[in-house]
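Architecture and fold: a report
Given next are the chains, with one letter for each unit.
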Amino acid sequence: MTIETQLEKLTTFFPLDRLKELLKAPLHFMPEPPNNVVPSLELAGDGRVVRRLILISERYLCEVHLGASPFAFDYIDKATVKSYRFRLWTHEIKEGETSKQVYHLAQVDWVHTHFGYVTQLSFVGSLEERDEWLANMIRSMPVTTIL
Amino acid sequence: MAKSAKEDLLQIIASKRDELRLPGYWENLAENCHSWAGELSAGPFWRRAESDLSQWRTEYLNATGAILLGSSELPPFASKSRAGIQDKICRNWKRIPEFHDRLFSPSGPPIPNLSDLVRTRLTCPYIDGVQFLANKVESLAKECGVLISRIPQGNLQGYFAQHIGIRQSVFFRLAGHATAAEIECEIQIATTLATRMWDASHPVYETTREEEIDSHDWQWDPNNPRFISNQLGHMLHLADGLLVQLRASLRKQSKS
């Protein structure tokens, strides 16, 4: 799947033109083109938001902080990831005793060998969406990367 | 991003409420606080204070011959940032064991029990204006049924201000759901000198208040920034008092 196709999947959160505009500088400075994109989703007042994107190439990870002011992004050597940590759980939004919504959550930490650095990704959504997000992540960054 | 001791502590604090583990909880809390600050600034209590202000100014002018407030209107309320909320929670968690149980109520929306998530500061040129204005704001808060507390602050570190706590009904918004809640907001009233002192010395206070500092560490060390800032705080409080005395004696002289 091309980067373009992967970005199109995020148009629920960002208009594609805006997203492309935001990624212009991170892509320009990236020494090699990314093969995959993993979004990090969080809960906000009105629903879900994508606050960060991880662009993954053969040798680099680029973390783009979409909502940051000033706009920020950084690169790190993919080979420095030596631990892959998963946390999966559910959270129920209630009004009194009434359940309004159940969210399936995930937090994944890629722990780097450098100075305790951690690339942290999160997900909030339905069970099916979480499975799809996890599958995309594993495809983009296989657990074997840590070997 | 490098994991810090603060993040480790926040993980421990998250045992108090599951919601703290939600991705985006802190950012969302800060965004809620920002909305509440806007609502309180435009709300009936602050509008009423705004409309009573001209009467308060006149009353104070007649009594002292001086102006009550440095600004032409009341400042809006401001909210604490995400980092500011986290820092204050971590600081109190380390220093005050009782804080652990009162930080969150077990039910209702997950809003930390801090008195200044939303706050504003009123700056008076004269120290008796602080007392006068605090009396007026306190009475108004009582009349409107929103008063929680009035605390005249004065400490060894040279911080002098009057803090009035008021309650505000809010909606905590998360994932498209809004839950009604009540928060405490803070109105700080201080002199222009004390406010300048606070603004100037805040970085010193921020960098050192993480640690428990014995007053002996700075009270006998003139090179310690706390020595300067803390003593200067007391000196300016004295200067504020002397200014009022000077103003009163000049007024007496001009009348005779």
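For the structure, see preceding data.
Read on for an overview of the structure. The structure displayed is predicted, hence computed values, not measured ones. (Residues numbered from 1 in each chain as written. Chains lettered and ligands numbered in written order. Predicted model: local features only at pLDDT ≥ 70, side-chain atom pairs only at ≥ 80, totals over all residues. Heavy atoms only, no water.)

Things to note about the overall build of chain B
This is how it is decided: Runs of E in the DSSP output that reach at least two residues are strands. Runs of H or I that reach at least four are helices, and both are numbered from the N terminus. Any two residues whose heavy atoms approach within 4.5 Å at even a single point are treated as in contact. All accessible areas in this document rest on Shrake-Rupley with a 1.4 Å probe, and a residue is counted as covered only by the protein chains that are shown. In this tally, Lys and Arg are treated as positive and Asp and Glu as negative; His is ignored, and so are the chain termini. Taken as the charge centre is NZ of Lys, CZ of Arg, CG of Asp or CD of Glu, depending on the residue.
Each helix and strand in chain B was counted, giving 9 helices and 5 strands. Here the contacts in chain B between residues at least 6 apart in sequence split such that 68% fall between residues at least 24 apart. As displayed, chain B has an accessible area near 13000 Å², and 55% of this comes from carbon and sulfur atoms. The distance from the centre of the 29 positive side-chain charges to the centre of the 30 negative ones in chain B is 5 Å.

Notes on the sheet that holds strand β3 (residues 147–154) of chain B
Across a sheet, paired strands are connected by hydrogen bonds in the backbone, their directions being either parallel or antiparallel. Residues and elements named next belong to chain B. Under the convention used in this document: Strands are treated as partners if at least two bridges between them are detected by DSSP.
Spatially, the 5 strands line up as an open sheet ordered β1-β2-β5-β4-β3, and their pairing is mixed. Here the strands that pair on one side only, and so sit at the sheet edges, are β1 (78–79) and β3. Pairing geometry for β3 and strand β4 (residues 160–174), over 7 bridges, is antiparallel. The partner of Gln153 across the bridge, within β4, is Ala161.

Examining the nonpolar core
The cut-off we apply is this: By nonpolar core is meant a set of buried Ala, Val, Leu, Ile, Met, Phe, Trp, Tyr and Cys residues that side-chain atoms within 4.5 Å join together. Burial status follows relative accessibility: with a 1.4 Å probe on protein chains alone, a residue under 20% of its type maximum counts as buried, one over 50% as exposed, and anything between as partly exposed.
Counting 63 residues, the largest nonpolar core has Ile166, Ile187 and Ile189 of chain B as its most contacted members. By residue number, the principal contributor to this core is helix α2 (residues 25–42) of chain B, which donates 8 residues. For Ile166 of chain B, the contacting residues outside a window of four places in its chain are Leu40, Phe45, Phe77, Ala141, Val146, Ile148, Ile183, Glu184, Cys185 and Ile187 of chain B. Counting residues in hydrophobic clusters, the runner-up holds 33 residues, among them Leu22, Val50, Ala106 and Phe123 of chain A.

A short note on the pattern of salt bridges
Short version of the rule: Within this document, salt bridges are pairs made up of a side-chain nitrogen of Lys or Arg and a carboxyl oxygen of Asp or Glu, the two lying within 4 Å of each other.
Following the criterion strictly, the structure yields 24 salt bridges over all chains and no others. The shortest N-O distance in the salt bridge between Glu63 of chain A and Arg52 of chain A comes to 2.8 Å. Here Glu63 of chain A, found in strand β3 (residues 60–65), pairs with Arg52 of chain A, found in strand β2 (residues 48–56); they are 11 residues apart in sequence, far enough to count as distant. Note on accessibility: Glu63 of chain A and Arg52 of chain A belong to one class, buried. The structure contains a network of salt bridges with shared partners spanning Glu42 and Arg51 of chain A together with Glu31 of chain B.

Brief notes about the interface of chain A and chain B
Put simply, the test is: As used here, buried area is the combined drop in accessible area, with a 1.4 Å probe, of two parts when they are placed together.
If you look at the interface, chain A gives 24 residues, while chain B gives 19 residues. Buried area between chain A and chain B, both sides added, is near 1800 Å², and the carbon and sulfur share of it is 57%. Among the residues chain A hides against chain B, the three largest losses belong to Leu43, Gly45 and His91 of chain A. Together they make up 26% of the total. One can count 1 salt bridge joining chain A with chain B.

Considerations on the sheet that holds strand β5 (residues 81–95) of chain A
Residues and elements named next belong to chain A. Rules: Geometry is summarised by axes, namely lines fitted to C-alpha atoms with helices restricted to the contacting stretch, and by angles between N-to-C directions that run from 0 to 180 degrees.
Here we have 3 strands laid out as an open sheet, ordered β5-β6-β7, and antiparallel in their pairing. Because the sheet does not close on itself, it has two edges, and the strands there are β5 and β7 (118–125). Ignoring which end each strand starts from, the neighbouring axes of this sheet average 15° apart. Where β5 lies against strand β6 (residues 98–112), 14 bridges are found, and the strand directions are antiparallel. Counted as the bridge partner of Arg87 is Gln107 from β6. With respect to the sheet, helix α3 (residues 127–140) is in contact with β5, β6 and β7, its orientation differing from that of β6 by roughly 10°.

Some points on unusual backbone geometry
Going from Ser69 of chain A to Pro70 of chain A, the amide bond is cis rather than trans, its omega being 0°. Structurally, Pro70 of chain A can be placed in the loop between β3 and β4 (72–77). Residues other than glycine seldom take positive phi values, yet Ala175 of chain B does so here, at roughly 55°. Tracing the sequence through the fold places Ala175 of chain B in the loop between β4 and β5 (177–191). A relative accessible area of 6% places Ala175 of chain B in the buried class.

Digging into a nonpolar patch on the surface
The test is simple: Residues enter a patch when their relative accessible area is above 30% and they make no salt bridge; the linking distance is 9 Å between like charges and 5 Å between nonpolar side chains (Val, Leu, Ile, Met, Phe, Trp, Tyr).
Taken together, Phe86, Leu88, Ile138 and Val143 of chain A make up a surface patch of nonpolar side chains, about 320 Å² in accessible area. Among the residues examined, Ile138 of chain A registers a relative accessible area of 33% and is labelled partly exposed.

Quick look at helix α1 (residues 5–13) of chain B
Residues and elements named next belong to chain B. Operational definition: Each direction from the helix axis to a C-beta atom contributes to the arc, which is the arc of those directions.
The set of residues buried in α1 consists of Leu9, Leu10 and Ile13. The buried side chains of α1 occupy one side of the element, clustering within an arc of 105° when seen end-on. On its buried side, α1 packs onto α2 and α4 (82–95).

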